[in-house]
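Read off the chains here:
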Number of protein chains: 2
Amino acid sequence: MDGLLKFVPRPTGVGDVFQLLRDGRPRTRADLAAVTGHARSTIGQRIDLLLSSGLVTPTGEATSTGGRPPATFAFAPGSRIVLAVDLGAVHAQLAVTDLAGEVLVEQSARITISDGPDTVLDWVAEAGRELLARSGRPSEDLVGVGVGVPGPVEHATGRPWIPPIMPGWDGADIAGRLRRAFRVPVLVDNDVNLMALGEHSAVYPQVEHLLFVKVATGIGAGIVSDGGLRRGAQGAAGDLGHMAVPGGETVPCTCGNTGCLEALASGGAIVLALRHEGLDVDTSAGVVELVRAGDATAIRLVRQAGRDLGAVLAGCVSLLNPSIIVIGGIVAQAGEHLLAGIREVVYQRSLPLATQHLRIVTTHTQGRAAVLGASRMVADHVLAPAAIDALFEGVGA
Amino acid sequence: MDGLLKFVPRPTGVGDVFQLLRDGRPRTRADLAAVTGHARSTIGQRIDLLLSSGLVTPTGEATSTGGRPPATFAFAPGSRIVLAVDLGAVHAQLAVTDLAGEVLVEQSARITISDGPDTVLDWVAEAGRELLARSGRPSEDLVGVGVGVPGPVEHATGRPWIPPIMPGWDGADIAGRLRRAFRVPVLVDNDVNLMALGEHSAVYPQVEHLLFVKVATGIGAGIVSDGGLRRGAQGAAGDLGHMAVPGGETVPCTCGNTGCLEALASGGAIVLALRHEGLDVDTSAGVVELVRAGDATAIRLVRQAGRDLGAVLAGCVSLLNPSIIVIGGIVAQAGEHLLAGIREVVYQRSLPLATQHLRIVTTHTQGRAAVLGASRMVADHVLAPAAIDALFEGVGA
């Protein structure tokens, strides 16, 4: 062999066989030989390696066409576990899941993200260890940790990048710190990207184009296009919060500009507007309570926030042409009043080709979108063909 | 083999070997065996098939490490040709290219798209045949026809969908008609999608996130994200023209809404504004001439159009986080005056993480972006692994 390829690792081929099984459907050696074009003996060796690792398990026998019925095999998502962590401004959610995003144990806690990375990540390490112990699984089953944070994350480095509501976290080495605690790969992303990934994989795996919008203290979005999460060049894609709302130009935003969506339609903005009208409310949760109690002022302001969201989302629909927009975050719990405002403007402003099949709905993941996304991000990473190949490097498949 | 896989065609494996060669770099049989994990004999058979088809060609010998130096092979993009067609409102551009987008012969003509599909596609068939004859290549070298049209195209069907400036074309079976004329696959897309694809493949193949914006009679965009063209659920992604310009709410648009980007910043809008100020100008080309002649009013209005474009593009930057925005279309020939307005607002309105490495430039494809994109779309289609496999179906690789 000449030098042309000296930097390309020799693949073991196990990863490609594994990909075919990842959908969970049982297959025979002959099925896999047919799809890959590999010899039966090659497939046999690779299946044996996957069986020995536990990632693939025997599932029984296929119908015979005569002779001994062939054995079938399938992906065993329960064979390994992931620690999924969602850090918010004032809360954290942790879950231990299997490789298919099944939650084994979970925990919520109040934290203060502004305590900074030292305090918060020490707590994550401790709480994570307790939760792993509670799952009853041996530590060698853990294949990775996924972390969502409420701010922009530079994708290449996995570090927060001047995150507005995370003082002290700019450039923090979250992955390095947790890798030392758990001794497995740690992946970090913006929480809204993970929500999009979690909602997509858990609820809409067949939808190719999905936009997930989180409406809470801030506003952000995660974009799934052609079935994949799109993070953009620096991992900053989906930053809806500071897009300009047409007609909202006079409202100042904390970012220094005026008319940003977050300044008009976030939970924080609705709280301010309600207080301005004399209501005693402090949090987005309080806004949701007022709406549920039927307060006319709260309903009117939430609906107007929906219209402002709709004005920006109409632009997103023109630009991205999604088939579904999922609204999550605490303000989404105000339900139909928010959705009605959004729909009103999106259907008025967007072009018919883009809206003819468009659905606008609230989240179906019961507040778990981000941990499910963190779990999925880790599973995709550790189960990628090259990662599986590397697992068996030197075993001689 | 059981029934599980009966709808999956048995791959010949030639397509996968070909993909490794598509970058044009010469490789030996041993290189390909190493990367694929296939036996040397299997690779040998597949290379022989590719050589016999002409898609791959011998390129010499690699450096020997002792013994007879191994032969090298590479993709031969000149072995087949594509007919690329860009239809505009009042002009058409045709090119015969090879599989790497090299233009062999080309032709421009004035047409009237509103003459309808019968007249225009008959002309395309005739002009295409003449151009193919002029290329001197035998008709069996033609592998496909790519067509760009100035309106939305429903991606699943390849048919225009209520295209505003193409009266008579709604639902027209462009592909079927030209397939009967040329007896090869015909692919149809919106012209701006093809411009994005053409500019990306010809000028920025290494850039993962690119937004191409056409500013002409209308305004539209094509999105490349993670290296691929993103068309959205119905193929309507990138429809910038009817996104709302913050502050422009009073200006009526032909779509029935107000404040659309096209109503403020298109070539047509600038023409109207110049006429309103007493200048005698009819076309976008006329605007560009005035700017080049140093007319202060034209320069001022083009710069303001740039600001309006910038207001919408700032939102696109927040949402998509591209590394480069390429401005094309006739109005882009107004050059720095337009760019200055765009940059002014984009850098003011977008968040720092998204703009720190952002470039905003004019097109470098000299008006050929759409035909280059049409060529690339066809090449990607006919050279996809499954298509190459199908080519050798039953040959027994």
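Everything numeric in this text was worked out from a predicted model, so none of it was measured.

A. The overall build of chain A, seen in detail. In terms of regular secondary structure, chain A is built from 14 helices and 15 strands. Over its C-alpha atoms chain A spans a radius of gyration of 24 Å, differing by no more than 12% from the 21 Å that the globule rule assigns to 397 residues. For the C-alpha atoms alone, the extent of chain A along its principal axes is close to 80 × 50 × 45 Å. Taking all contacts inside chain A whose residues are at least 6 apart in sequence as the whole, residues at least 24 apart take part in 62%. In the structure as shown, chain A presents an accessible area of about 16,000 Å², 51% of it carried by carbon and sulfur atoms. Looking at chain A, you have 32 positive and 39 negative side-chain charges, and the mean spots of the two groups are 5 Å apart.

B. Fine view of the packing of aromatic side chains. All names here are of chain B. Going through the model one piece at a time under the given rule, you end up with two aromatic pairs over all chains. When the centroid spacing of 5.2 Å and the interplanar angle of 90 degrees are considered together, the rings of Phe18 and Phe75 count as edge-to-face. Of this pair, Phe18 sits in helix 1 (residues 14-21) while Phe75 sits in strand 3 (residues 71-75); the two residues are 57 residues apart in sequence, bridging distant segments of the chain. When sorted by exposure, Phe18 lands in the same class as Phe75, which is buried.

C. The relation of the copies chain A and chain B, seen in detail. Expressed as a screw transformation, the operator carrying chain A onto chain B has a rotation angle of 180 degrees and an axial translation of 0.0 Å, and the superposed copies differ by an RMSD of 0.0 Å. One copy is carried onto the other by what is essentially a two-fold rotation axis. Using C-alpha coordinates, one finds that chain A approaches the rotation axis most closely at Pro246 of chain A, a distance of 2.1 Å. Most of the interface of chain A is mirrored in chain B, where 98% of its interface residues are also at the interface.

D. Structural detail: the environment of Pro385 of chain B. In this structure, Pro385 of chain B sits in helix 14 (residues 385-391). Once you skip the residues sitting within four places of it in the chain, Pro385 of chain B turns out to touch Gly15, Asp16 and Gln19 of chain B.

E. Looking closely at the side chain of Arg349 of chain B. Relative to the helices and strands, Arg349 of chain B is located in helix 11 (residues 336-349). Buried and unpaired, Arg349 of chain B has no salt bridge, with Glu249 of chain A as the nearest side chain of opposite charge at 7.6 Å. In contact with Arg349 of chain B, not counting residues within four places along its chain, are His242, Met243, Ala244, Asn257, Thr258 and Cys260 of chain A together with Ala314 of chain B.

F. How the structure looks around the packing of helix 1 (residues 14-21) of chain A against helix 3 (residues 40-53) of chain A. Residue and element names in this part refer to chain A. Packing of helix 1 against helix 3 leaves a shortest axis separation of 10 Å and a crossing angle of 75 degrees. As summarised for this structure, helix 1 and helix 3 are arranged roughly perpendicular, according to the angle between their axes. Contacts between helix 1 and helix 3 pair Val14, Val17, Phe18 and Leu21 from the former with Ile43, Arg46, Ile47, Leu49 and Leu50 from the latter.

G. Focus on the pattern of salt bridges. Residues and elements named next belong to chain A. In this structure the tally under the stated criterion is 32 salt bridges over all chains. The partner of Asp189 in a salt bridge is Arg231, with the nearest N and O atoms 2.6 Å apart. Placement of Asp189 in strand 10 (residues 186-190) and of Arg231 in the loop between strand 13 (228-229) and helix 7 (261-265) is noted, with a sequence separation of 42 residues between them. For the pair Asp189 and Arg231, a shared accessibility class is recorded, and that class is buried. Each of Arg22, Arg376 and Asp380 takes part in salt bridges that share partners, so that together they form one network.

H. Quick look at helix 8 (residues 267-276) of chain B. For helix 8 of chain B, every residue scored as buried is listed here: Gly267, Ala269, Ile270, Val271 and Leu274 of chain B. Looking at the packing, one finds that the buried side of helix 8 of chain B touches helix 7 (261-265), helix 9 (284-292) and helix 10 (296-320) of chain B.

I. Representation of the interface of chain A and chain B in the model. At the interface, 66 residues of chain A touch 65 residues of chain B. The contact between chain A and chain B buries some 5,600 Å² in all, and 59% of this surface belongs to carbon and sulfur atoms. The largest contributions to the chain A side of the interface with chain B come from Leu319, Arg349 and Leu353 of chain A, which together make up 15% of the buried area. Where Arg230 of chain B meets Asp226 of chain A, a salt bridge forms, and the shortest distance between an N and an O atom there is 2.9 Å. The tally of links from chain A across to chain B stands at 26 residue pairs in polar contact (both at pLDDT 80 or more).

J. Up close: unusual backbone geometry. All names here are of chain B. In the Ramachandran plot, Ile162 falls in the positive-phi region, its phi being about 45 degrees despite a non-glycine side chain. Along the chain, Ile162 turns up in the loop between strand 9 (159-160) and helix 5 (174-182). Look at Gln366: it is not a glycine, yet its phi comes out positive at around 50 degrees. Within the fold, Gln366 resides in the loop between strand 15 (359-362) and helix 13 (369-382).

K. Quick peek at the sheet that holds strand 10 (residues 186-190) of chain B. All names here are of chain B. The strand order 6-5-4-7-10 describes an open sheet built from five strands, whose pairing is mixed. Of all strands in the sheet, those bounded by a partner on one side alone are strand 6 (103-110) and strand 10. When the angles between neighbouring strand axes are averaged without regard to direction, this sheet yields 15 degrees. Relative to strand 6, strand 5 (residues 91-98) is paired through seven bridges, and the arrangement is antiparallel. Each bridged residue has a counterpart across the sheet, and for His91 the counterpart in strand 6 is Arg110.

L. Expanded view of the domain arrangement of chain A. All names here are of chain A. According to the domain assignment, chain A contains domain 1 (3-75), domain 2 (80-184 + 371-382) and domain 3 (196-365). Here the C-alpha centre of domain 3 lies 26 Å away from the C-alpha centre of domain 2. Between domain 2 and domain 3, the residue contacts involve seven residues of the former and eight residues of the latter. Regarding the contact of domain 2 and domain 3, the summed buried area is about 710 Å², with carbon and sulfur atoms giving 67% of it. If you sort the residues of domain 2 by the area they bury against domain 3, His155, Leu372 and Arg376 come out on top, with a joint share of 52%. Connecting domain 2 to domain 3 are zero salt bridges. Across the contact surface, domain 2 and domain 3 share two residue pairs in polar contact (both at pLDDT 80 or more).

M. The sheet that holds strand 2 (residues 56-61) of chain A, seen in detail. Residues and elements named next belong to chain A. Pairing is antiparallel in the open sheet, where three strands are placed in the order 1-3-2. If you trace the sheet from one side to the other, it starts and ends with strand 1 (27-28) and strand 2, each paired once. Against the sheet, helix 1 touches strand 1, strand 2 and strand 3 (71-75), its axis set at about 90 degrees to strand 3. Across the face of the sheet, helix 3 comes into contact with strand 2 and strand 3 while running at roughly 110 degrees to strand 2.

What counts and how
Residues numbered from 1 in each chain as written. Chains lettered and ligands numbered in written order. Predicted model: local features only at pLDDT ≥ 70, side-chain atom pairs only at ≥ 80, totals over all residues. Heavy atoms only, no water. Helix = DSSP H or I, 4+ residues; strand = E, 2+ residues; numbered from the N terminus. Rg over C-alpha atoms; globule rule 2.2 N^0.38 Å. Contact = heavy atoms within 4.5 Å. Areas by Shrake-Rupley, 256 points an atom, 1.4 Å probe, with all protein chains shown as cover. Lys, Arg positive; Asp, Glu negative; His and termini not counted. Charge placed at Lys NZ, Arg CZ, Asp CG, Glu CD. Phe/Tyr/Trp six-rings, centres within 6.5 Å; stacked < 30°, edge-to-face > 60°. Buried < 20%, exposed > 50% of the residue type's maximum accessible area, 1.4 Å probe, protein only. Least-squares fit on C-alpha atoms with pLDDT ≥ 70 in both. Salt bridge = Lys/Arg side-chain N within 4 Å of Asp/Glu carboxyl O. Axes fitted to C-alpha atoms, helices over the stretch in contact; angles between N-to-C directions. Parallel < 35°, antiparallel > 145°, perpendicular 65-115°, else oblique. Buried area = accessible area lost by both parts, 1.4 Å probe. Polar contact = N/O pair within 3.5 Å; in protein donor to acceptor, adjacent residues only side chain to side chain. Pairing = 2+ DSSP bridges. Domains from an automatic or database assignment.

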